[in-house]
Amino acid sequence: MHNNAQLFEAMDLRERAERAAREAGFETQFPAAALAEAARLDEAESPINHAVRDLRHLLWSSIDNEESRDLDQVEWCERLENEDIRLCVGVADVAAYVPLSSAIDRHAAGNTVSIYTGVQTFPLLPERLSTDITSLLPGQERGVIVVDMTVGADGIVTRSEIYRAQVKNAAKLVYEVIGDWLEGQSAAPREVVQVPNLEAQIRLQWEVAMRLHKRRQSQGALDVEQVEARPIVVNGRVTGLATQRKNPARVIIENFMVTTNTVLAGWLESHGCAAIQRIVREPQRWPRIVQLAREKNAILPDYPDARALSQFLTAQRALAPERFADLSLAILKLLGRGEYVVVHGAQDSVGHFGLGMQNYAHSTAPNRRFPDLVTQRIVQSQLDGAPAPYGTEELAAIAAHCSEREAAAQKVERLMRKIAAAALLQDRIGDVFEAVVTGASRKGTYVRTKTPLVEGRVMRGERGLDVGDRVRVRLLRTDLEQGHIDFERI
């Protein structure tokens, strides 16, 4: 343990994150040509000079993490007649500043995604773009692609339109602050109070989000509780892990983004466009999901059924809210990984099992994800009546590369979370923790402890354990260089 502590004293977490990213095949520094292109950009002179709608007078706002500067979307809604609500989501017009085959584009096409390690961020685009010119920062006039929808009282989108516009973000709001307020745990935050009519606007956004949420659940969307932990680093040392839980503010954005991506996928299909979609296939470990439900006195069909699983999860959230996060984690692990594929018409669509959607295109985060930038270019070619920027075979290659790079980025992020957790636990060898099994295969058996929220491998007594089982484990050792945390089952 003494050597472990000495190792941590000598470890630069930012350097370790960069090494992990490089070892995973990512470029951690922007090429000189890309930085030069970014430096030449003038935010007052968009490279594309198309007619846009002037929507700067509307009360747009954004909700994101407190530290986020790469703001991809803003939202606004209004109440219409017949109980309808108009919902507009504006997505940063990144394609206007990143020409196809430019140095910036080539770098983005290689990495495909921003990597968030908790101690160091490796952005998809140069910060001159992602946190400045194309970021929808408060008080700044920006170009966006608007997905304009009418939502009925039943949560069905009855009308939609896609167009370019100019907007101005009135306020950048924070998930936790807005979530606490909407839950009645705090007074209206200063960021809301100081902007006239913003309180009513956010409450209307919550109302329409609830409509969409109920509709999605009826279609089989899974209402899971994803709890994430990020390291708190002070003067180079990990002092704790901050957890992020679902709250009303996150529910608003989740439903707005899912609906926007679904509407846009349908729009592309109606225009006969080949496009990249995000899919999650039917879970191969469905029998284990059925077994977990049976252990909770619930019956699921023998074949994968998203609606039945959604109803089971909704009931479990109400019956045992204190254990719902553990159940959600087990279900997510058993569902399997998402991937990108090319879809050209309804006959090609596999669908997204976890979202209960048949068509789903990632399009709302072009500052952070390359597939979204690709989708935005396809949308803009349709708006302009121009030829498609990509052929089907080229899109297929991009989709496969994005799927592989996303998995690699997640491994880097997971490794750095484990290294941070190992640093936090290095003086707790021998302590006992409550945990839930998150993985069980020939590669090993893994658990996540309840407090603090860390994952590790069960090295002794793992026989017979399966995903979803609740266990007590004792910490055996930590390895800060590799991020290993080893437990034994009690």
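Just so it is clear, the model here is predicted, and its values are computed rather than measured.

Quick word on the sheet that holds strand β17 (residues 484-489)
Strand order in the closed barrel made by the five strands is β13-β14-β15-β17-β16, with mixed pairing throughout. Direction aside, neighbouring strands of the sheet carry axes that sit 55° apart on average. Relative to strand β15 (residues 455-460), strand β14 (residues 444-449) runs antiparallel, the two being bridged by three bridges. Looking across to β15, one finds that Val-447 is bridged to Gly-456. On top of the sheet, helix α12 (residues 324-335) reaches β13 (432-441), β14, β15 and β16 (470-479); it is set at about 20° to β13, its chief contact. Contacting β13, β15, β16 and β17, helix α14 (residues 392-425) crosses the sheet at an angle of about 65° to β17.

So, the environment of Arg-106
You can see Arg-106 is positioned in helix α4 (residues 103-111). Considering only alpha carbons, one finds Arg-106 and Pro-31, 75 residues apart in sequence, at a separation of 9.8 Å.

Observations regarding the side chain of Ser-102
Inspection of the secondary structure assignment puts Ser-102 in the loop between β4 (85-92) and α4. A distance of 2.8 Å separates the side chain of Ser-102 from the backbone oxygen of Pro-99, its partner in a polar contact.

Some thoughts on the packing of helix α8 (residues 198-218) against helix α9 (residues 248-270)
The geometry of α8 relative to α9 is characterised by a closest axis approach of 9 Å and an angle of 60° between their N-to-C directions. As summarised for this structure, α8 and α9 are arranged oblique, according to the angle between their axes. Considering how the two elements wind past one another, α8 and α9 form a crossing that is left-handed. Residues Ile-202, Gln-205, Trp-206, Val-208, Ala-209, Met-210, Leu-212, His-213 and Arg-216 of α8 pack against Pro-248, Val-251, Ile-252, Glu-254, Asn-255, Phe-256, Val-258 and Thr-259 of α9. By residue class, the composition of the contact of α8 with α9 is 11 nonpolar, four polar and two charged.

Structural notes on the nonpolar core
Side chains of nonpolar character tend, in soluble globular proteins, to be buried together. In this structure, Trp-60, Ile-178 and Phe-256 are the most contacted members of the largest nonpolar core, which totals 82 residues. With 10 residues, the top contributor of residues to this core is α9. The residues touching Ile-178, leaving out its near neighbours within four places in the chain, are Ile-63, Leu-173, Pro-189, Val-192, Ile-202 and Ala-249. Within the second largest apolar cluster, 38 residues are counted, among which are Ala-21, Phe-26, Ile-419 and Val-458.

Topic: the pairing of β13
In this sheet, β16 lies alongside β13 in antiparallel orientation, the contact comprising five bridges. Each residue of the ladder has a partner; that of Val-436, found in β16, is Arg-470. As paired elements, β13 and β14 share six bridges and run antiparallel to each other. Paired with Val-437 across the bridge in β14 is Val-447. Hairpin connection of β13 to β14: two residues between the antiparallel strands.

A few points about the packing of helix α6 (residues 175-182) against α9
Packing of α6 against α9 brings their axes to within 6 Å, and their N-to-C directions diverge by 110°. With respect to α9, the axis of α6 lies roughly perpendicular. Together, Tyr-175, Glu-176, Ile-178, Gly-179 and Leu-182 of α6 and Pro-248, Ala-249, Arg-250, Ile-252 and Ile-253 of α9 make up the contact between the two elements. For the contact of α6 with α9, the per-class residue count stands at seven nonpolar, one polar and two charged.

Let's talk about the environment of Pro-126
Within the fold, Pro-126 resides in the loop between β6 (121-122) and α5 (127-133). Sequence-wise, Pro-126 and His-107 are 19 residues apart; in three dimensions their C-alpha atoms are separated by 9.7 Å. If we ignore the near neighbours within four places in the chain, the residues touching Pro-126 are Phe-30, Ala-34, Leu-35, Ala-38 and Ile-104.

Comments concerning the state of the cysteines
Considering all chains together, one arrives at zero disulfides under this definition. Not engaged in a disulfide, the cysteine Cys-77 finds its nearest cysteine sulfur in Cys-88; these two sulfurs lie 8.8 Å apart. In this structure Cys-77 comes out as buried when scored by relative accessible area, which is 2%. You can see Cys-273 has no disulfide; the closest cysteine sulfur is in Cys-402, sitting 18 Å from it.

Section: the pattern of salt bridges
Going through the model one piece at a time under the given rule, you end up with 40 salt bridges. Between Asp-64 and Arg-368 there is a salt bridge, and its shortest N-O distance comes to 2.8 Å. Here Arg-368 lies in the loop between β12 (339-343) and α13 (370-384) and Asp-64 lies in strand β2 (residues 60-64), a separation of 304 residues in the sequence. Neither Asp-64 nor Arg-368 differs from the other in exposure class; each is buried. The salt bridge partner of Arg-250 is Glu-176, with a shortest N-O separation of 2.9 Å. Of the two residues, Arg-250 sits in helix α9 while Glu-176 sits in helix α6, which places them 74 residues apart along the sequence. Several salt bridges converge on common partners, so that one network encompasses Arg-53, Glu-78, Arg-86, Asp-148, Arg-159 and Glu-161.

Cut-off values and rules
- Residues numbered from 1 in each chain as written.
- Predicted model: local features only at pLDDT ≥ 70, side-chain atom pairs only at ≥ 80, totals over all residues.
- Heavy atoms only, no water.
- Pairing = 2+ DSSP bridges.
- Helix = DSSP H or I, 4+ residues; strand = E, 2+ residues; numbered from the N terminus.
- Axes fitted to C-alpha atoms, helices over the stretch in contact; angles between N-to-C directions.
- Contact = heavy atoms within 4.5 Å.
- Polar contact = N/O pair within 3.5 Å; in protein donor to acceptor, adjacent residues only side chain to side chain.
- Parallel < 35°, antiparallel > 145°, perpendicular 65-115°, else oblique.
- Left-handed = near helix turned anticlockwise from the far one by under 90°.
- Nonpolar A, V, L, I, M, F, W, Y, C, P; charged D, E, K, R; others polar.
- Core = buried A, V, L, I, M, F, W, Y, C linked by side-chain atoms within 4.5 Å.
- Buried < 20%, exposed > 50% of the residue type's maximum accessible area, 1.4 Å probe, protein only.
- Disulfide = S-S within 2.5 Å.
- Salt bridge = Lys/Arg side-chain N within 4 Å of Asp/Glu carboxyl O.

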